[in-house]
Amino acid sequence: MPVTVVYTPEAQIRRPAKLLASMWQDLKASRELSWRLFVRDVSARYRQSLLGVLWAFMPPLITSAIFIVLQSKAVINFGETSVPYPVYVLVGTLLWQLFADALNAPLRSVTAAKSMLAKINFPREALIVSAVYLVLFDLLIKLGILAIIFVLFRLQPTWALLLAPVPMLTLVILGIAAGLLLTPLGVLYTDIATSLPVIVQLLFFVTPVVYTPPDSFPFSIVAYVNPVSPPLIAARDLITTGTVENVLPLLVVTITSLFVLFIAWVIYRIAMPIIIERMSA
């Protein structure tokens with residue numbers, strides 16, 4: 001394994017050029033290890049599982065089924081949708097689960113490697129890259145579900161469907177960026193990991209996942225200020241109707257997510273030596 005150059009946090013702050021160089025070097029050095037960690041995690045996930053890969057899409061399917069039944073029984077009414085409501089909610093929940101998986105992935109990966117962090121010197125980026133691999137692996141499974149939805153509901157795919165991976169990757173980047181930003185604190189304090197599912201659940205209800213984006217104030221502001229909304233809406237529209245009404249919010253969220261991801265990476269890079277020292281004390 002390539003030797004990793006380690007700088008103290010103070011030196012990294014004073015020498016940004018060396019920090020960027022070391023970040024890039026360790027990212028390249030982490031490729032083989034991150035792949036091995038990914039293979040290990042996938043094997044461990046399904047080795048003793050009866051349902052196997054079904055667990056990758058059981059949560060969105062169960063959530064979709066609940067809202068489909070409530071809508072069909074007129075318990076709730078989310079108004080008219082551009083496609084049949086079952087399609088609308090199934091695609092929406094699959095996309096939401098993609099974001100939720102990406103949000104949880106960095107902290108879960110680093111927390112699982114706590115014992116290894118304190119004993120072995122290796123590029124810490126390997127943990128994040130392996131987490132991204134897991135999210136992309138689950139994304140491939142979800143794409144298979146989308147194909148089944150097209151067949152079951154006899155949807156006609158359009159050429160715009162080829163653009164759907166762009167907002168879907170934006171959801172992944174946004175989730176990884178937010179999750180990586182929370183990771184340093186989450187490793188030290190279990191409150192972050194405990195509260196994250198509650199935050200995700202609250203965010204689910206203020207994102208137009210199972211309902212159309214509201215037009216009335218103040219709910220319209222909440223739906224569109226929410227950074228998850230533009231890529232989720234764009235991806236669902238491209239998948240189901242082949243159109244996107246407003247590209248600008250998607251571009252803003254994509255660029256902002258990339259910037260936040262870089263900042264979160266720098267913070268993670270600087271904070272990890274301090275965190276490992278505290279864990280070893």
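This structure is a prediction, so every number in the text was calculated from the model and none was measured.

Re the nonpolar core
A general feature of soluble globular proteins is that nonpolar side chains tend to end up buried together. Among the nonpolar cores identified, the biggest contains 44 residues, and L95, W96, M168, V210 and I239 are the most heavily contacted of them. Elements represented by at least two residues in this core include exactly α5 (85-112), α7 (125-152), α8 (165-188), α9 (190-205) and α11 (229-240). With 15 residues, α5 is the largest single contributor of residues to this core. Excluding its chain neighbours within four sequence positions, the residues that come into contact with V210 are F67, F78, Y85, Y88, V89, T93 and F204.

Some remarks on the packing of aromatic side chains
Inspection of the entire model under this criterion finds eight aromatic pairs. Arranged with centres 5.8 Å apart and planes meeting at 70°, the rings of F38 and Y133 form a pair that is edge-to-face. Taken together, the positions of F38 in helix α3 (residues 31-47) and Y133 in helix α7 put the pair 95 residues apart, joining distant regions of the chain. A ring pair is formed by F67 and F204, whose centres lie 6.1 Å apart and whose planes are at 45°; its orientation type is tilted. Within this pair, whereas F67 is found in helix α4 (residues 58-72), its partner F204 is found in helix α9, the two being separated by 137 residues in sequence. Exposure class is identical for F67 and F204. Each is buried. The rings of F67, W96, F99, F204 and F205 are connected pair by pair, giving a single aromatic cluster. Cation over ring: R124 sits above F122, and NZ or CZ is 4.8 Å from the ring centre. Across the ring face of Y88, the terminal group of R236 is positioned such that the distance to the ring centre comes to 3.8 Å.

Considering the confidence of the model for the protein
For the protein, the average pLDDT comes to 82, and 86% of its residues sit at 70 or higher. Predicted confidence in the protein is weakest over helix α1 (residues 9-14), with a mean pLDDT of 49, and strongest over α8, with 93. Confidence over residues 1-8 falls short of pLDDT 50; this stretch has 15 contacts with residues more than four positions distant or in other chains. The model gives residues 10-14 a pLDDT under 50, and that stretch makes five contacts with residues more than four places away or in other chains.

Some details on unusual backbone geometry
For R154, which is not glycine, the phi torsion reads 55° and is therefore positive. Within the fold, R154 resides in the loop between α7 and α8.

Points about the side chain of T207
Within the secondary structure, T207 sits in the loop between α9 and α10 (219-225). In this structure, T207 is in contact with W96, N226, V228, S229 and L232, ignoring residues within four places of it in sequence.

Describing the environment of W96
Turning to its location among the elements, W96 is positioned in helix α5. Apart from the residues within four sequence positions on either side, W96 is in contact with V200, L203, F204, T207, V209, V228 and L232.

With respect to α5
The end-to-end C-alpha separation of α5 is 39 Å, in line with the 40 Å expected for 28 residues at 1.5 Å each. Considering bend angle alone, the principal kink of α5 is centred on A105 and spans about 35°; proline P106 follows within four residues of it. Within α5, 23 of the 28 residues are buried, which leaves the element mostly enclosed by the surrounding structure.

Let's talk about the environment of M23
Structurally, the position occupied by M23 is in helix α2 (residues 16-29). Residue M23 is classed as buried on the basis of its relative accessible area, which comes to 1%. Between the alpha carbons of M23 and E125 there is a distance of 8.4 Å; along the sequence they are 102 residues apart. Beyond its immediate sequence surroundings of up to four residues, M23 is in contact with E125, F262, W265, V266 and R269.

What counts, and at which threshold
Residues numbered from 1 in each chain as written. Predicted model: local features only at pLDDT ≥ 70, side-chain atom pairs only at ≥ 80, totals over all residues. Heavy atoms only, no water. Core = buried A, V, L, I, M, F, W, Y, C linked by side-chain atoms within 4.5 Å. Buried < 20%, exposed > 50% of the residue type's maximum accessible area, 1.4 Å probe, protein only. Helix = DSSP H or I, 4+ residues; strand = E, 2+ residues; numbered from the N terminus. Contact = heavy atoms within 4.5 Å. Phe/Tyr/Trp six-rings, centres within 6.5 Å; stacked < 30°, edge-to-face > 60°. Lys NZ or Arg CZ within 6 Å of the ring centre and 35° of its normal. pLDDT = per-residue confidence, 0-100. Expected span 1.5 Å × (residues − 1). Bend = angle between axes of the 7 residues up to and from the residue.

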